[in-house]
Structures are given as structure tokens and as C-alpha cells.
Amino acid sequence: CGGVSLSVKGSIEPSDYTLGNIEISGLCFVGSISHGELIIGSPITFTLDDQTVVGESTYNISYQWFVDGNIINGANGTTYNHEFSTYGPKEVSCLMVYQDTMNTEKVYSKTVKDVFTITP
């Protein structure tokens with residue numbers, strides 16, 4: 001996944017060789033959030049750039065936005081507009097969820113964050 005290696009450690013007994021099987025599955029999530037001009041009292045557009053590459057499986061993809069840790073009901077696309085009424089540090093995040101339609105028990109997720117400060 002993007003040049004990241006994985007190590008599996010442990011001990012193996014001779015009897016383990018008989019039916020040795022290992023299956024590792026996952027997704028390589030690649031995503032970032034960008035935002036428009038940070039102005040108090042004006043809607044700020046936040047855009048999720050989801051460049052997650054999926055293999056041969058088909059996924060149902062969903063998104064959920066949060067502002068300062070609070071879920072925003074109904075905000076489930078790749079863009080979100082929010083108007084802040086106070087200055088200071090802020091955090092806008094988006095939870096990316098991929099559910100494999102071939103094996104619905106396989107669900108992968110990652111949260112992408114945009115942390116910034118609105119100053120006067």
C-alpha cells in the first residue's frame with residue numbers, strides 16, 4: 001500500500017506447515033481535505049479529495065462529516081459547507097467508509113482531518 005511494508009511475527013511449529021494459510025486484506029486509503037477562505041460568518045467549503053484505490057472488488061462508499069468532533073447529520077457527500085461564528089482553533093473531519101459488496105463483512109474506514117485556526 002503506497003510502499004508501506006507489513007511484517008507478521010510469531011512462531012511456527014512443523015505442524016503449522018500442513019495447512020498454512022494467511023489472508024490479509026485491506027485498502028490503501030488516500031484522502032485529504034481542502035478548504036476555502038476562512039472568514040467568520042461566511043460559508044466555508046470543505047472538499048474531500050478521496051484517491052483511495054480499490055482492487056477488483058466493488059465497494060459501497062459513504063462519507064460522514066464532523067465539525068469539532070460533532071457529527072453533522074445529512075452531510076454525506078465529498079463537499080461540505082460550514083459557517084463558523086467564533087474565532088479560534090477548529091477541526092473538520094470526514095469519515096470515509098468502504099463496504100465490500102462481495103463480502104459485506106469487510107468494512108474499511110479512515111478519518112481524514114483538517115485542523116486550522118480562524119483569526120480576526
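Residues numbered from 1 in each chain as written. Predicted model: local features only at pLDDT ≥ 70, side-chain atom pairs only at ≥ 80, totals over all residues. Heavy atoms only, no water.

**Q** Whenever I open this one, the overall build of the chain confuses me. Can you help?
**A** A tally of regular secondary structure across the chain gives 0 helices and 7 strands. Each helix and strand of the chain, placed in order from N terminus to C terminus, yields the pattern β-β-β-β-β-β-β. Contacts in the chain between residues at least 24 apart in sequence constitute 59% of all its contacts with a sequence separation of at least 6. Carbon and sulfur atoms form 49% of the exposed surface of the chain, whose accessible area is close to 8300 Å². (Helix = DSSP H or I, 4+ residues; strand = E, 2+ residues; numbered from the N terminus. Contact = heavy atoms within 4.5 Å. Areas by Shrake-Rupley, 256 points an atom, 1.4 Å probe, with all protein chains shown as cover.)

**Q** Sorry if this is basic, but what is going on with the nonpolar core here?
**A** Generally speaking, nonpolar side chains in soluble globular proteins are found buried as a group. Counting 22 residues, the largest nonpolar core has Phe-46, Leu-48, Trp-65 and Phe-84 as its most contacted members. The set of elements that each furnish at least two residues to this core consists of strand S2 (44–50), strand S3 (59–67), strand S6 (88–100) and strand S7 (107–118). Leaving out residues up to four positions away in the same chain, Leu-48 has contacts with Ser-32, Ile-33, Tyr-63, Trp-65, Thr-78, Cys-94, Met-96 and Val-112. (Core = buried A, V, L, I, M, F, W, Y, C linked by side-chain atoms within 4.5 Å. Buried < 20%, exposed > 50% of the residue type's maximum accessible area, 1.4 Å probe, protein only.)

**Q** Mind showing me how you'd approach the side chain of His-82 here?
**A** Within the secondary structure, His-82 is located in strand S5 (residues 79–82). Looking at His-82, its side chain comes within polar contact range of the side chain of Tyr-80, at 2.8 Å. Among all residues touching His-82, those that are not within four sequence positions of it are Ser-42, Pro-43, Ile-44, Phe-46 and Val-67. (Polar contact = N/O pair within 3.5 Å; in protein donor to acceptor, adjacent residues only side chain to side chain.)

**Q** Hey, could you run me through the pairing of S5 in this one?
**A** Consecutive side chains of a regular strand alternate in pointing toward one face of the sheet and then the other. Because side chains alternate across S5, one face comprises the buried residues Tyr-80 and His-82, and the other comprises Thr-79 and Asn-81, none of which is buried. The pairing of S2 with S5 spans 4 bridges and is antiparallel. By the bridge assignment for S5, Thr-45 is matched with Asn-81. (Pairing = 2+ DSSP bridges.)

**Q** Any chance you could explain the sheet that holds strand S4 (residues 70–71) here in plain terms?
**A** Within a sheet, adjacent strands bond to each other through the backbone by hydrogen bonds, running parallel or antiparallel. Reading across the sheet, the 4 strands line up as S4-S3-S6-S7 and stay open at both edges, with antiparallel pairing between neighbours. Among the strands making up the open sheet, the edge pair consists of S4 and S7. By the bridge criterion, 9 bridges tie S3 to S6 in an arrangement that is antiparallel. Among the inter-strand pairings, Asn-60 is bridged to a residue of S6, identified as Gln-99.

**Q** Looking at this structure, how should I read the sheet that holds strand S1 (residues 31–35)?
**A** If you trace the 3 strands from one edge of the open sheet to the other, you get S1-S2-S5, paired in antiparallel fashion. Edge positions in the open sheet fall to S1 and S5, since each of these has one partner strand only. Within this sheet the neighbouring strands show an average axis-to-axis angle of 20°, counted without direction. Across 5 bridges, the pairing between S1 and S2 is antiparallel. Its bridge partner being in S2, Ile-33 is matched across the sheet by Leu-48. (Axes fitted to C-alpha atoms, helices over the stretch in contact; angles between N-to-C directions.)

**Q** Is there a simple way to think about the packing of aromatic side chains in this case?
**A** We describe a pair of aromatic rings using the distance from one ring centre to the other and the angle between the two ring planes. Overall, the coordinates contain 6 aromatic pairs when judged by the stated rule. The interplanar angle of 80° and the centroid separation of 5.3 Å between the aromatic rings of Phe-29 and Tyr-98 together place this pair among those described as edge-to-face. Residue Phe-29 is located in the segment before S1, and its partner Tyr-98 is located in strand S6; the two are separated by 69 residues in the primary sequence. With a relative accessible area of 16%, Phe-29 lands in the buried category. Through successive ring pairs, a cluster of aromatic residues spans Phe-29, Tyr-59, Tyr-98 and Tyr-108. (Phe/Tyr/Trp six-rings, centres within 6.5 Å; stacked < 30°, edge-to-face > 60°.)

None of the figures reported here should be taken as evidence of function without further support.
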